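Chain by chain, the residues run as shown.
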Amino acid sequence: MECAGKGRGTRCLGPPRKRCHRCGAVAYCSASHQVHEKRETRCSFLSKRGIHQVGMWLYECCCGSSVASSDCFRSNDGWHLPRILCPCNEPVAPIPKQLSSWKDYYEWRCIPLHSPVALLLHWPFMIYQATQVAGLGSSTSEIRDKLCIHYLGPEKELLQLAVFAELHALFPGVHVHIELVGPAIPQHRDGERIDLGNYAHCLETDCICKSASENLSWDVQTGRTSKVTLQLRRGLYHDCYHEIAKDFSPHLVIAPNAGIAAYSSWLPTIELIKETNVPAVFSDYCEEACHLGACCISTLTGHPLTFPIQLNPFRQPMVVEDSALFLPCYSNCFLFGM
């Protein structure tokens, strides 16, 4: 266990032996880290970087919670950042065999570590890490040309769809098709197809990311460019599956921040996934939620997890504010699957 005050401006004074008397779930190295001043809020973090209530960033703090999603559906909004701080163009080097941390990613994409882009990129990286967990690397022959993902229960990411264009870089030379299925999709967007032909743009008007003729993710070995398409489907997965699978049979099912134990609607979906025998990877905000979800899956399937509970190295790196749990919670924090 790490000190819950680690990384807040001062060094830890030793191992985390001082346990919180209120929740008993976190520990601190010293009283000074336990009674630290209130941590920086999301609003203040975004404001310092000039991206508070701007574009896709609007939905990263409580200020965006009152905005009707149906009125602010965004797929082509940019980063609202200088090009040095965001991945608006092709990588300068081929993707490493495996990225294992945000530091690896930032170094590969030549982005300084103080850039805030990981706050949004954890959505496409949920897909990247899930393929790693399930053993579906981009070199696997089955998905060498195309990777089809059934992505269940999207909510906030529906307002930040431009970040999924980073899949061009993460899966070079592959057509990545994502079926986003869930009740949060507005009725008038049901069935809509979105082609993400370019990376999300930076602020600078003279950047190559504004060029319509830009070639995306050219794979030298295969001579192919990547392609990223999104299909929106309103409804519950077990009700929509057979219609979707006629055209897009999945290589992998993904459910970010699933909350399996919290919603009874997951029961028929879990049974369907068991019947189809397609690998499925779920994430949740904390380890306890994953354990509860794992119990539900094991009870329904009669088998233990195929992919055990594990920390996601590409979780969103800022704690969830106003969580109902007395536990540190991060979006896409832990992964597990069947």
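Residue numbers restart at each chain and count upward from 1, following the sequence in its written direction. In keeping with the predicted nature of the model, local features appear solely for residues at pLDDT of at least 70, side-chain atom pairs appear and are counted solely at 80 or more, and the whole-chain, interface and lining totals rest on all residues. Side-chain numbers here rest on the full set of heavy atoms in the structure, without hydrogens or water.

Below, the discussion takes up the overall build of the protein chain. Each helix is a run of H or I in the DSSP string that is no shorter than four residues. Each strand is a run of E no shorter than two, and both are numbered from the N terminus. When its secondary structure is counted, the protein chain shows eight helices and ten strands. Buried residues in the protein chain amount to 50% of all 338 residues. Across the protein chain, contacts joining residues at least 24 apart in sequence account for 74% of those joining residues at least 6 apart. For each residue, the accessible area found with a 1.4 Å probe, counting protein chains only, is set against the maximum for its type, and the residue is called buried under 20%, exposed over 50%, and partly exposed in between. We call two residues in contact whenever any of their non-hydrogen atoms come within 4.5 Å of each other.

Values of pLDDT, ranging from 0 to 100, describe the predictor's confidence in every residue of the model. Per-chain confidence: the protein chain averages 88 in pLDDT, with 87% of residues scoring 70 or above. In this model, residues 68–72 is a region of pLDDT below 50 whose contacts with residues beyond four sequence positions or in other chains number six contacts.

Looking now at the packing of helix 6 (residues 237–245) against helix 7 (residues 266–276). As a rule, the C-alpha atoms of each element are fitted with a line to give its axis, helices using only the stretch in contact, and angles between N-to-C directions run from 0 to 180 degrees. Put simply, helix 6 and helix 7 touch, their axes get as near as 9 Å, and they point 35° apart. Where helix 6 approaches helix 7, its residues Tyr 237, His 238 and Tyr 241 are matched on the opposing element by Pro 268, Thr 269, Leu 272, Ile 273 and Thr 276. Any residue outside Ala, Val, Leu, Ile, Met, Phe, Trp, Tyr, Cys, Pro, Asp, Glu, Lys and Arg is labelled polar, Gly included; the first ten of those are nonpolar and the last four are charged. For the contact of helix 6 with helix 7, the per-class residue count stands at five nonpolar, three polar and no charged.

This part covers the sheet that holds strand 4 (residues 175–182). Strands belonging to one sheet form pairs held by backbone hydrogen bonds; the direction of such a pair is parallel or antiparallel. We treat two strands as partners when DSSP finds at least two bridges between them. Overall, mixed pairing links the eight strands, which are arranged 5-6-4-3-7-8-10-9 in an open sheet. Of all strands in the sheet, those with a lone pairing partner are strand 5 (193–195) and strand 9 (307–311), marking the two edges. Adjacent strand axes in the sheet meet at a mean angle of 20°, parallel and antiparallel pairs treated alike. Where strand 5 and strand 6 (residues 227–234) come together, three bridges link them in antiparallel fashion. If you follow Asp 195 over to strand 6, its bridge partner there is Thr 229. Contacting strand 3 (146–152), strand 4, strand 7 (252–255), strand 8 (280–284), strand 9 and strand 10 (334–337), helix 4 (residues 118–133) runs over the sheet at an angle of about 135° to strand 7. Set on the sheet, helix 7 makes contact with strand 3, strand 7 and strand 8; between it and strand 8 the angle comes to about 150°.

With that settled, the discussion passes to unusual backbone geometry. We note that Gln 53 has phi near 60°; this positive angle belongs to a residue other than glycine. Within the secondary structure, Gln 53 is located in the loop between helix 2 (42–48) and helix 3 (102–108). A residue is classified by how much of its surface remains accessible, and Gln 53, at 47% relative accessible area, is partly exposed. The backbone phi angle of His 80 is positive, close to 60°, even though this residue is not glycine. Mapped onto the elements of the fold, His 80 is located in the loop between helix 2 and helix 3. Judged by its relative accessible area of 27%, His 80 falls in the partly exposed class.

So, on to helix 8 (residues 287–301). Helix length check: helix 8 (15 residues) gives 21 Å between terminal C-alpha atoms against 21 Å at 1.5 Å per residue, within 8%. Those residues of helix 8 lying buried are Ala 289, Cys 290, Gly 293, Ala 294, Ile 297 and Thr 301. Within helix 8, the buried residues cover an arc of 135° as seen down the axis, which keeps them to one side. Positive backbone phi, approximately 75°, marks Gly 302, located one or two places after helix 8. A helix is expected to reach a length of 1.5 Å times the quantity of its residues less one. The directions from the helix axis to the C-beta atoms form the arc being described.

Turning our attention to the nonpolar core. Nine residue types can take part in a nonpolar core, namely buried Ala, Val, Leu, Ile, Met, Phe, Trp, Tyr and Cys, and a core is a set of them joined through side-chain atoms within 4.5 Å. Judged by nonpolar contacts, the single largest core of 67 residues is most densely connected at Trp 79, Phe 164 and Ile 178. At the level of secondary structure, the elements contributing two or more residues to this core comprise helix 2, helix 3, helix 4, strand 3, helix 5 (167–170), strand 4, strand 6 and strand 7. At eleven residues, helix 4 tops the list of elements feeding residues into this core. Val 253, Val 278, Phe 282 and Leu 305 belong to the second largest nonpolar core, which has 25 residues in total.

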